[in-house]
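Summary of the model geometry
Listed below are the residues making up each chain.
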2 protein chains.
Amino acid sequence: MAPAETFQESSSFLSDAQALIPKLVYTDEEPLETVSFEPDDTVFLRHRRVAQDPMSVHEETWYSTGADFIVDFEGHRTGYLSFDLDAQGINVDSPARLRLTFGEVPADVVEEFYPSKSWISTSWFPYEVISVDELPQKVQIKRRHAFRYVRFQVLEISPKFKVRFHNIKSHAVTSATNHVKPVDLDGFEVIDQVGLRTLRDCMQTVYEDGPRRDRRLWLGDLRLQALVNYVTFQNNDLVKRCLYLFAGLQVDGKIMACLYERPRPATSGDYIVDYELLFVVTLLEYVQATQDTATGLRLFPICRQILTRTLHDHIRDGLFTPQPEVWYFIDWQEQLDRQASIQGVFIFALKAAQQLGKLINVNVDYSKEIQELTQGAMSFFDTDKGVFVCNGQVSWASQAWMGMAQILPAEKHVQAILSAIEDPNAIKANTPYSYHYVLEALHRNDAKQQCLALAKTYFGGMVDRGADTFWEAYSENDSLFSPYHDVHNNSFCHAWSCTVSWFLRV
Amino acid sequence: MAPAETFQESSSFLSDAQALIPKLVYTDEEPLETVSFEPDDTVFLRHRRVAQDPMSVHEETWYSTGADFIVDFEGHRTGYLSFDLDAQGINVDSPARLRLTFGEVPADVVEEFYPSKSWISTSWFPYEVISVDELPQKVQIKRRHAFRYVRFQVLEISPKFKVRFHNIKSHAVTSATNHVKPVDLDGFEVIDQVGLRTLRDCMQTVYEDGPRRDRRLWLGDLRLQALVNYVTFQNNDLVKRCLYLFAGLQVDGKIMACLYERPRPATSGDYIVDYELLFVVTLLEYVQATQDTATGLRLFPICRQILTRTLHDHIRDGLFTPQPEVWYFIDWQEQLDRQASIQGVFIFALKAAQQLGKLINVNVDYSKEIQELTQGAMSFFDTDKGVFVCNGQVSWASQAWMGMAQILPAEKHVQAILSAIEDPNAIKANTPYSYHYVLEALHRNDAKQQCLALAKTYFGGMVDRGADTFWEAYSENDSLFSPYHDVHNNSFCHAWSCTVSWFLRV
């Protein structure tokens with residue numbers, strides 16, 4: 001049991017969070033055409049568009065059992081689907097059983113989902129089987145989906161009638177309502193639009209990680225979305241809401257890694273040390289962006305508590321020491337040795353706390369801890385090679401997080417990062433999340449041109465390979481790469497991949 | 001185009017019908033136990049109950065992907081299902097995809113539906129695939145089903161949590177609200193209850209043929225349901241509503257065989273001559289039961305029109321002459337020669353019109369037509385054998401409908417019927433609908449004991465073989481018999497099978 005005053009404070013955080021639930025804005029759109037695909041190994045997404053028909057053709061077509069077509073809304077959206085199901089025949093004498101499959105990418109609507117090797121639940125596969133009893137009828141799919149394509153399959157109807165699909169509409173939904181001025185940077189226009197769309201489709205009543213799957217508020221994703229938000233949609237109250245949700249749902253005094261909003265706000269069982277440390281950073285950046293020092297003051301005790309506890313639990317003699325059964329994330333990358341990276345996260349968070357204290361006039365001093373951890377961090381640095389080596393391993397992540405910690409002169413961090421990138425044996429960044437910190441570390445250490453050049457290759461590469469929104473996972477040579485062992489459970493609109501639109505504006 | 005005055009009258013019939021939409025009454029019930037079955041060829045319904053557990057055991061059980069159980073509500077109902085889907089685990093991190101299968105009989109919940117040879121749509125197969133996004137949640141299945149059993153299958157959930165089903169409830173619905181006094185006739189108590197339950201579950205906002213499938217108002221079924229209704233639930237306004245629906249939805253001046261209520265009242269494409277003739281009989285019996293001569297007067301012109309037209313189209317020299325492309329129903333029985341049966345229906349309807357005219361004081365005289373058709377009917381009668389022979393064929397149906405027409409002394413009709421029943425080469429009644437007319441013909445010709453004895457064997461046979469409600473189709477030696485070539489598309493609660501409860505009260 002938490003002490004009574006803690007409970008009261010938590011419930012006050014929660015009620016403040018709930019008072020900030022944003023109004024969602026709906027945009028109705030019609031598909032532009034029906035499309036068909038053929039498998040093609042020369043295309044990154046494995047399927048080539050081979051034909052299309054205007055919707056007018058399709059709206060004149062009456063379909064029987066076995067009918068199967070795909071509509072293309074040309075652009076990703078998070079939202080709902082509705083259509084009018086018309087029926088005609090000598091006797092409209094049965095229900096219509098339909099399957100609707102929602103596709104972020106062509107594979108979703110043309111490849112079989114089963115059998116699957118996914119180790120996360122296949123219940124996320126984006127389809128519905130519905131039965132419509134009384135025809136004609138307006139059909140409204142109640143579940144929210146993330147999609148550009150929708151495949152319609154007429155599974156079973158009576159041979160005595162046919163059906164027609166009219167007035168197919170998506171009802172896109174978001175809490176990103178501000179108009180954003182496009183960037184005017186040669187070669188980045190499309191990349192920026194894809195980034196903005198990614199954030200827009202993840203911005204709902206919280207910053208979701210991805211609208212296709214999980215749909216949770218993750219702390220690591222929140223920091224990145226908040227950064228992009230401050231320079232684009234500027235729904236800053238949504239950041240505030242998310243901070244209060246995390247504050248209101250502590251478990252044993254810990255800020256958890258992720259939250260569910262519905263059916264009622266609740267934490268998942270996930271706790272990630274590096275994410276918890278980023279709470280401090282996210283609060284600092286929120287106060288910097290908004291000047292809302294009241295929120296800074298109110299949540300600062302949590303930051304202090306986080307730092308005191310995590311330093312006590314994980315730092316031995318100035319060195320981060322992994323504990324059993326604790327999740328250190330950094331990247332979806334099994335081979336990665338995370339010790340140096342987490343060391344960097346600690347220093348980054350301590351420095352943020354120091355800075356936040358000043359901003360809100362709270363007397364706090366972490367200089368001793370920063371000094372000790374910096375000294376520990378330096379033990380990873382190979383002066384000869386100019387890179388951080390973590391138990392014999394060179395990784396992009398180690399360089400990135402040390403760069404975020406800024407323990408060396410800026411140019412040395414840049415050198416370390418670029419050197420690791422050039423090293424064919426180095427462990428690369430495996431996700432856009434980890435890639436972001438490579439880019440941010442360059443940016444933070446004044447290598448803005450290198451940052452943008454890399455961003456262009458990376459995010460531009462996704463666009464060239466068919467991204468309408470940025471993907472959760474991206475391996476430029478392997479469209480089947482999945483952290484979940486099944487690409488059909490990947491999310492193709494993922495918040496942690498939207499940050500190029502921040503780099504383009506800061 | 002119909003003349004303007006006809007259209008106005010039709011729309012006034014329709015609005016009168018819609019003013020009579022009954023209030024439905026809901027009854028919530030909980031399943032009594034979970035059950036399991038094993039295939040067993042010695043059991044008529046092919047599956048033997050091998051185990052059961054009280055619901056208390058099941059409510060304590062947490063289920064994972066692959067879980068599969070059947071609840072038994074012990075008794076058929078038409079209605080809805082709801083339950084609370086509880087979730088527990090280290091992380092409730094995915095939707096739950098469930099399949100719910102609704103069973104009138106055990107086979108529905110334990111046999112595979114596919115592949116199917118059914119020539120009516122397999123979209124009637126009674127199951128739903130649903131995805132529940134936010135757990136825990138109260139789940140309410142919006143579609144109406146007809147069921148005693150519900151099979152719950154957990155198709156897919158995350159391995160990180162389990163689900164529990166609490167508060168499983170059926171919400172039975174009917175417009176049969178009156179309490180009915182049970183019959184006190186030795187050996188018929190259970191049979192009567194099954195009959196009453198059959199009618200109750202078919203009585204909705206119209207008299208449906210069956211709540212599992214079609215769910216339509218068929219004229220042939222209406223007459224039988226109305227008869228039982230007058231001596232049991234006495235929702236006579238529902239009969240009136242149905243008569244006005246038929247009157248309001250004439251096509252080219254014809255009363256169609258069946259109607260849909262939703263999404264708006266409409267006829268199907270089906271027209272059946274024998275059913276149309278029964279409109280006259282149904283109106284007569286309605287006026288007899290209710291003394292509502294105003295409705296009799298209002299709808300009598302339609303009866304006259306039906307008789308004039310059908311006599312003109314189908315009677316040549318006093319003999320019914322089948323026309324091409326016209327549906328004569330009588331029974332689901334391909335071998336049956338229907339000529340004599342339809343001849344009987346004509347005479348039966350003409351006599352009803354004569355009687356109705358007297359009742360409502362309308363001057364009408366069909367005695368000439370009755371005489372001519374009776375003379376024609378006699379040409380089917382084989383005086384030596386004492387049965388009606390239709391183009392060389394002896395059938396139960398021919399005897400039954402001639403018995404309904406009452407063209408011979410009563411005992412001769414009884415003899416003809418019993419003789420056909422004893423004739424192993426005679427074409428039998430294949431459905432309870434056709435069987436009803438065998439029984440009614442006996443009853444009408446004063447052989448009430450024989451009628452009840454046969455009813456006991458027939459309906460009692462269904463009860464002995466596991467009927468909770470009376471079935472659409474029943475072949476005492478073949479549980480796989482189906483008019484649709486797949487027993488999974490049979491209805492096991494079918495209005496035309498409920499009439500034993502009438503015979504027991506008249």
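Because the structure is a prediction, the values reported are computed rather than measured. (Residues numbered from 1 in each chain as written. Chains lettered and ligands numbered in written order. Predicted model: local features only at pLDDT ≥ 70, side-chain atom pairs only at ≥ 80, totals over all residues.)

On to the interface of chain B and chain A. One widely used convention gives an interface's size as the accessible area the parts lose upon coming together. The interface is formed by 28 residues belonging to chain B together with 28 residues belonging to chain A. For the side of chain B that touches chain A, the elements supplying multiple residues, two or more each, are strand E5 (96–103), strand E6 (127–132) and strand E7 (137–156) of chain B. Of the residues that constitute the side of chain B that touches chain A, the class distribution is nine nonpolar, ten polar and nine charged. (Contact = placed C-beta atoms within 7 Å. Helix = DSSP H or I, 4+ residues; strand = E, 2+ residues; numbered from the N terminus. Nonpolar A, V, L, I, M, F, W, Y, C, P; charged D, E, K, R; others polar.)

Take the domain arrangement of chain A next. All names here are of chain A. Looking at chain A, the domain boundaries give domain 1 (27–174) and domain 2 (189–503). The C-alpha-based centres of domain 1 and domain 2 are spaced at 37 Å. Contacts between the two partners involve 24 residues from domain 1 and, on the opposite side, 20 residues from domain 2. Those elements giving two or more residues to the side of domain 1 that touches domain 2 turn out to be strand E4 (68–89), strand E7 (137–156) and strand E8 (161–174). Here the element with the most residues in the side of domain 1 that touches domain 2 is E4; it accounts for four residues. A per-class count over the side of domain 1 that touches domain 2 returns eleven nonpolar, six polar and seven charged. (Domains from an automatic or database assignment.)

Okay, the packing of helix H4 (residues 189–202) of chain A against helix H14 (residues 448–464) of chain A next. Residues and elements named next belong to chain A. Running from N to C, H4 and H14 point in directions that differ by 75°, and their axes come no closer than 10 Å. Judged by the inter-axis angle, H4 sits roughly perpendicular to H14. On H14, the residues touching Val 190, Ile 191, Val 194 and Gly 195 of H4 are Lys 456, Phe 459, Gly 460 and Val 463. A class-by-class count of the residues in the contact of H4 with H14 yields five nonpolar, two polar and one charged. (Axes fitted to C-alpha atoms, helices over the stretch in contact; angles between N-to-C directions. Parallel < 35°, antiparallel > 145°, perpendicular 65-115°, else oblique.)

Turning next to the packing of helix H9 (residues 339–359) of chain B against helix H11 (residues 396–405) of chain B. All names here are of chain B. It is at 8 Å that the axes of H9 and H11 come closest, and there the two elements cross at 15°. One finds that H9 runs roughly parallel with respect to H11. Pair H9 / H11 crosses with left-handed handedness. From H9, Ala 340, Ser 341, Gly 344, Val 345, Ile 347 and Phe 348 reach across to H11, where they touch Ala 397, Ser 398, Trp 401, Met 402, Met 404 and Ala 405. Within the contact of H9 with H11, the residues separate by chemical class into nine nonpolar, three polar and no charged. (Left-handed = near helix turned anticlockwise from the far one by under 90°.)

This brings us to the sheet that holds strand E15 (residues 387–390) of chain B. All names here are of chain B. The strand order across the open sheet formed by three strands is E14-E15-E16, and the pairing between neighbours is antiparallel. With partners counted over all chains shown, the strands left at the sheet margins are strand E14 (381–382) and strand E16 (393–394), one partner each. Where E14 meets E15, two bridges bridge the pair, whose relative direction is antiparallel. Considered in E15, the bridge of Phe 381 is made with Phe 388. (Pairing = 2+ DSSP bridges.)

This part takes up the relation of the copies chain B and chain A. Laying chain B over chain A is done by rotating through 180° and shifting 0.0 Å along the axis; what remains is an RMSD of 0.1 Å. Between the two chains, the operation in question is that of a two-fold axis. Closest approach to the rotation axis among the C-alpha atoms of chain B is made by Val129(B), whose C-alpha sits 3.0 Å away. Looking at chain B, 100% of its interface residues are interface residues in chain A too, so the copies touch through the same face. (Least-squares fit on C-alpha atoms with pLDDT ≥ 70 in both.)

Below, the discussion takes up the sheet that holds strand E11 (residues 266–267) of chain A. All names here are of chain A. Reading across the sheet, the three strands line up as E9-E10-E11 and stay open at both edges, with antiparallel pairing between neighbours. The strands lining the two open edges of the sheet, one partner per strand, are strand E9 (217–218) and E11. Both E9 and strand E10 (residues 258–260) contribute to a ladder of two bridges, which runs antiparallel. Opposite Trp 218, over in E10, you have Cys 258 as the bridge partner.

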